[in-house]
Amino acid sequence: MVVLVTGSGGQLGQALQFIAPNYPDIHFVFCDSTILDITNLNNIKQLFQQFKPSFCINAAAYTAVDKAESEPERAHLINVVGPKNLAEVCKEFDIILLHISTDFVFDGTKDSPYTEDDFPNPTCVYGQTKLDGEKAIQETWQKHFIIRTSWVYSQFGNNFMKTMLRLASERDKLSVVNDQIGTPTYAVDLAEVLIRIIQSPFTHHPSPNTFGIYNFSNEGQSSWYDFAKKIFEYNNIKINLEPIPSISFPTQAKRPTYSVLDKRNIKKVFGVEVKYWEESLKKI
Ligand SMILES: NC(=O)c1ccc[n+]([C@@H]2O[C@H](COP(=O)([O-])OP(=O)(O)OC[C@H]3O[C@@H](n4cnc5c(N)ncnc54)[C@H](OP(=O)(O)O)[C@@H]3O)[C@@H](O)[C@H]2O)c1
């Protein structure tokens with residue numbers, strides 16, 4: 001079974017490369033942005049013709065949440081046109097597409113976990129482009145899984161955990177917002193879930209409602225402040241950490257104040273056991 005991964009140089013792409021040796025039955029084709037540009041339809045066709053994948057994992061995205069506010073066209077190109085191109089080529093070659101989306105499709109006004117059926121209402125350009133990317137896939141090719149996830153971190157790429165560790169090596173005191181609530185998700189846990197979906201009998205013998213949107217994050221919830229506190233605790237770093245409201249840390253993009261995801265569907269359909277976020281963080 002051939003699984004082609006786009007955006008393999010990014011955080012999730014590297015997490016998939018990290019676990020790939022555990023799956024000798026899968027022939028992974030890892031394509032970074034220099035080999036495969038998802039905004040180039042012919043480039044995708046040529047690689048899909050060459051490698052004949054059964055599955056495509058789209059780990060490519062425009063993920064600069066604040067910068068997207070000042071370059072919406074580029075965010076749209078990568079997060080909407082790119083996924084649409086992939087869906088078109090997947091349709092042409094009958095390939096199952098796994099695409100990653102985000103908790104930022106929601107406005108954060110709920111106070112209980114978001115289900116797949118909750119109405120999305122993004123508050124920033126990044127969230128809007130990710131939602132439009134979901135729609136572009138849904139309109140183009142039925143055999144897709146859209147996995148919405150949140151607050152992804154790992155030893156790979158750029159992420160909040162690595163930023164905190166770097167800042168702690170440069171400063172004695174840090175202020176982190178404590179009024180945005182979500183769930184940190186370890187990229188390796190997310191990568192494992194994608195492979196579980198690929199290997200599932202439900203994917204190979206799908207019913208009409210097997211495909212579609214699924215939420216996946218780690219279990220539990222935290223603020224960015226709680227997350228930072230645990231990062232320092234597990235790394236034995238002593239630092240003066242101050243909780244602050246978002247209003248004291250203005251950003252270009254408006255983020256949802258609450259974005260915990262309900263994982264009942266992915267657990268039920270694919271038997272996924274979801275680890276608590278602290279458990280995964282502790283292990284790194
Ligand atoms: N990180 C989070 O907190 C988070 C939260 C929720 C959802 N997600 C979603 O999870 C997925 C994976 O995120 P991540 O953290 O792994 O992101 P990431 O580290 O920023 O990786 C994204 C990758 O996409 C590549 N890319 C950009 N434009 C491309 C193009 N036109 N063609 C091919 N590749 C391109 C980038 O390559 P270059 O660097 O070479 O441009 C980069 O390697 C994304 O869909 C993201 O929206 C992430």
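Let us look at the structure shown here. Here the structure is a predicted model, which is why all the values come from computation and not from measurement.

### Describing the packing of helix 2 (residues 41-51) against helix 3 (residues 72-93)
It is at 10 Å that the axes of helix 2 and helix 3 come closest, and there the two elements cross at 35°. For helix 2 against helix 3, the interelement crossing comes out right-handed. Only N85, L86, E88, V89, C90, E92 and F93 of helix 3 make contact with helix 2, whose side of the interface consists of L41, I44, K45, F48 and Q49. When its residues are assigned to classes, the contact of helix 2 with helix 3 shows seven nonpolar, two polar and three charged.

### Details of the pairing of strand 5 (residues 144-149)
Most of strand 5 sits out of view: six of its six residues are buried. Here strand 4 (residues 96-102) pairs with strand 5 via six bridges, running parallel. Residue pairing across strands places I100 opposite I147, the latter belonging to strand 5. Between the parallel elements strand 4 and strand 5, the chain passes through helix 4 (residues 125-140) in a crossover that is right-handed. By the bridge criterion, four bridges tie strand 5 to strand 10 (residues 212-215) in an arrangement that is parallel. Its bridge partner being in strand 10, R148 is matched across the sheet by N215.

### A short note on the environment of P245
With respect to the secondary-structure elements, P245 resides in the loop between strand 12 (240-244) and helix 9 (264-270). For P245, a relative accessible area of 35% corresponds to the partly exposed category. Along the backbone, P245 and N209 are 36 residues apart, and their C-alpha atoms lie at a distance of 41 Å. Look past the residues within four positions of P245 in its chain and what remains in contact with it is V177, N178 and D179.

### Comments concerning the site of the ligand
Close to the ligand lie 24 residues, the nearest being L12, S33, T63, Y126 and K130. Within the backbone of L12, an N or O atom sits 2.8 Å from an oxygen atom of the ligand. For the ligand, whose unbound accessible area comes to 910 Å², protein coverage reaches 78%. Elements that contribute at least two residues to the shell around the ligand include exactly helix 1 (11-19), strand 4 and helix 4. Element by element, the count of residues in the shell around the ligand is highest for strand 4, at three residues. Grouping the amino acids of the shell around the ligand by side-chain chemistry returns eleven nonpolar, eleven polar and two charged.

### Concerning the nonpolar core
Counting residues in hydrophobic clusters, the biggest one holds 56 residues, and the most contacted among them are I57, L98, F145, M164, I195 and F227. For this core, the element with the most residues is helix 6 (residues 187-199), which contributes nine residues. If sequence neighbours within four positions are ignored, I195 has contacts with L16, I19, Y23, I26, F28 and I57. Listed in part, the 31 residues of the second largest apolar core include V2, A60, F104 and I213.

What counts as what
- Residues numbered from 1 in each chain as written.
- Predicted model: local features only at pLDDT ≥ 70, side-chain atom pairs only at ≥ 80, totals over all residues.
- Heavy atoms only, no water.
- Axes fitted to C-alpha atoms, helices over the stretch in contact; angles between N-to-C directions.
- Helix = DSSP H or I, 4+ residues; strand = E, 2+ residues; numbered from the N terminus.
- Left-handed = near helix turned anticlockwise from the far one by under 90°.
- Contact = heavy atoms within 4.5 Å.
- Nonpolar A, V, L, I, M, F, W, Y, C, P; charged D, E, K, R; others polar.
- Buried < 20%, exposed > 50% of the residue type's maximum accessible area, 1.4 Å probe, protein only.
- Pairing = 2+ DSSP bridges.
- Right-handed = clockwise from strand over helix to strand, strands pointing away.
- Near = heavy atom within 4 Å.
- Polar contact = N/O pair within 3.5 Å; in protein donor to acceptor, adjacent residues only side chain to side chain.
- Areas by Shrake-Rupley, 256 points an atom, 1.4 Å probe, with all protein chains shown as cover.
- Core = buried A, V, L, I, M, F, W, Y, C linked by side-chain atoms within 4.5 Å.

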